[in-house]
Amino acid sequence: NVFLGRTNYMLNNVEDSLKYYNFVLKTNPDYYPAYNDMAVLSYVIGEKDESINYLIKLYNLDALNDKFSILFLAESLMEQNRQDDAKKIMSNLVKNENNSTIKGVYTSLINPDRANDESLTKALTLEDVYIRSRLTYYIACLMERQGVKELSKTLFHEVKFTRLGFENKLALYKLGEL
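Residues numbered from 1 in each chain as written. Predicted model: local features only at pLDDT ≥ 70, side-chain atom pairs only at ≥ 80, totals over all residues. Heavy atoms only, no water.

### So, the layout of surface pockets
Within this model, the largest pocket holds a volume of roughly 180 Å³. Forming the walls of the largest pocket are Arg 6, Tyr 9, Met 10, Asn 36, Asp 37, Val 40, Arg 163, Leu 164, Gly 165, Phe 166, Asn 168 and Lys 169. Of all the secondary-structure elements, those providing two or more residues to the lining of the largest pocket are α1 (2-10), α3 (32-44) and α11 (167-174). Tallied by class, residues from the lining of the largest pocket come to 5 nonpolar, 3 polar and 4 charged. (1 Å grid on protein atoms, 1.4 Å probe; cavity = no way out; pocket = protein on both sides within 12 Å on 5 of 7 lines; lining within 4 Å. Points joined across faces, edges and corners; volume = space filled by probe spheres on them. Helix = DSSP H or I, 4+ residues; strand = E, 2+ residues; numbered from the N terminus. Nonpolar A, V, L, I, M, F, W, Y, C, P; charged D, E, K, R; others polar.)

### Focus on the side chain of Ser 76
Assignment of secondary structure puts Ser 76 in helix α5 (residues 67-79). Classification of Ser 76 by relative accessible area gives buried; the value is 3%. A distance of 2.8 Å separates a polar side-chain atom of Ser 76 from the backbone oxygen of Phe 72. Each residue touching Ser 76, except ones within four places of it in the same chain, is listed here: Tyr 43 and Ile 52. (Buried < 20%, exposed > 50% of the residue type's maximum accessible area, 1.4 Å probe, protein only. Polar contact = N/O pair within 3.5 Å; in protein donor to acceptor, adjacent residues only side chain to side chain. Contact = heavy atoms within 4.5 Å.)

### So, helix α10 (residues 149-162)
In a regular helix each residue adds 1.5 Å, so 14 residues correspond to 20 Å; α10 covers 20 Å between its end C-alpha atoms and thus fits that length. Among the residues of α10, Ser 152, Leu 155, Phe 156, Val 159 and Lys 160 are the ones counted as buried. For α10, the angular spread of the buried residues around the axis is 150°, confining them to a single face. Pointing more than 90 degrees away from the buried face of α10 are the exposed residues Glu 150, Thr 154 and Phe 161. Residues of α10 that are buried make contact with α8 (117-124), α9 (129-145) and α11. Backbone geometry just after α10 places Arg 163 at a positive phi near 55°. (Expected span 1.5 Å × (residues − 1). Arc of directions from axis to C-beta.)

Printed below as a string of structure tokens:
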């Protein structure tokens, strides 16, 4: 059923996807990957508090082992004006990150006044398309919060066209295409 949930999710059949994921969580409430997918689905249908609840549950269980899911949680908290909570989560990411470029992006997301243009530029030109695309989404969110609308829109489009990671769906949502 998770496969059917993800397949429908990738085909933008949100209602069917929700039906399958709800079934999975009802029959196997400890299947953590479904919670992350439900968080994304909840976000794109406008249920942002529900999305945060799924992510916080995983975070508190130490089941958010993908740093991009943690970034999604922090970004969602920032959107809900819960900056202090987001900063605590992001501070842990900064502390545990070894890659200086990614660490610079995290630092910029925590404190936009200290945005490191060099790190942001390096992140947008990483050779690893998968990592670059996923980081690009969060840089676009930062630009959007900073009021740089055209650049954020361009970056969301870049994420949309790569079709990599769950950030692709989030970018489609931000562009009003989902």
